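If you want the building blocks of each chain, they are given just below.
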Amino acid sequence: MIIVPVKEGENIEKALKKFKRKFERTGAIRELRARKNFEKPSVRKRAALQKAIYVQKMQLMDEQ
C-alpha cells in the first residue's frame, strides 16, 4: 500500500504528484501490462538477448 503523508496546508496537487511518482516506482502498471498477454519464457529470454546485443552494439559505436 502506498502512503503519502500530507502536511498541514500542503497543496493537494503536490501530494498527488508524490503519489504518482511512488506508484510509478512500484512498477505495478508495467507488471499489469506484462501479465495481460502470456509470453513464453523462451520468447522472453530471446527478446532480452536481442536487447542486450543491441545495447552492446550501441555502446561500441559510441566508443569509436
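These remarks concern the structure in this document.

Basis of the calculations
Residue numbering note: each chain is counted from 1, following its sequence as written. The predicted nature of this model means local features are confined to residues of pLDDT at least 70 and side-chain atom pairs, given and counted, to a pLDDT of 80 or more, with totals for whole chains, interfaces and linings taken over all residues. Water and hydrogen atoms were dropped before computing side-chain values, which therefore reflect all heavy atoms in the structure. Each helix is a run of H or I in the DSSP string that is no shorter than four residues. Each strand is a run of E no shorter than two, and both are numbered from the N terminus. Radius of gyration here uses only the C-alpha atoms, and the compact-globule reference equals 2.2 Å multiplied by the residue count raised to the power 0.38. Burial here depends on accessible area, computed with a 1.4 Å probe over protein chains only, as a share of the maximum for the residue type. Under 20% is buried, over 50% is exposed, and the range in between is partly exposed. All accessible areas in this document rest on Shrake-Rupley with a 1.4 Å probe, and a residue is counted as covered only by the protein chains that are shown. Any pair of Phe, Tyr and Trp rings, taking the six-membered ring for Trp, is counted once the centres come within 6.5 Å. Such a pair is stacked with planes under 30 degrees apart, edge-to-face with planes over 60 apart, and tilted for the rest. By definition here, a helix of n residues has an expected span of 1.5 Å times n minus one.

Things to note about the overall build of the chain
Phase 1: Tallying secondary structure elements over the chain gives three helices and zero strands in all.
Phase 2: Counting from the amino terminus, the chain carries its helices and strands in the arrangement α-α-α.
Phase 3: Relative to its length of 64 residues, the chain is extended, with a C-alpha radius of gyration of 19 Å against a globular reference of 11 Å.
Phase 4: By residue count, 3% of the 64 residues in the chain fall in the buried class.
Phase 5: Counting only carbon and sulfur atoms, one obtains 57% of the accessible surface of the chain, whose full area is about 6,700 Å².

Regarding the packing of aromatic side chains
Any two aromatic rings considered together are summarised by their centre-to-centre distance and by the angle between their planes.
Phase 1: Counted under the stated rule, the structure contains one aromatic pair.
Phase 2: Geometrically, the ring pair formed by phenylalanine 19 and phenylalanine 23 is stacked, given 6.1 Å between the ring centres and 15 degrees between the ring planes. Placement of both phenylalanine 19 and phenylalanine 23 in helix H1 (residues 12-26) is noted, with a separation of four residues, approximately one turn of the helix.
Phase 3: Residue class for phenylalanine 19 comes out partly exposed when judged on its relative accessible area of 34%.

Let's talk about H1
Phase 1: Its 15 residues give H1 an end-to-end C-alpha distance of 21 Å, which sits within 8% of 21 Å, the value for a rise of 1.5 Å per residue.
Phase 2: A positive backbone phi angle near 80 degrees is found at glycine 27, which sits one or two residues after H1.

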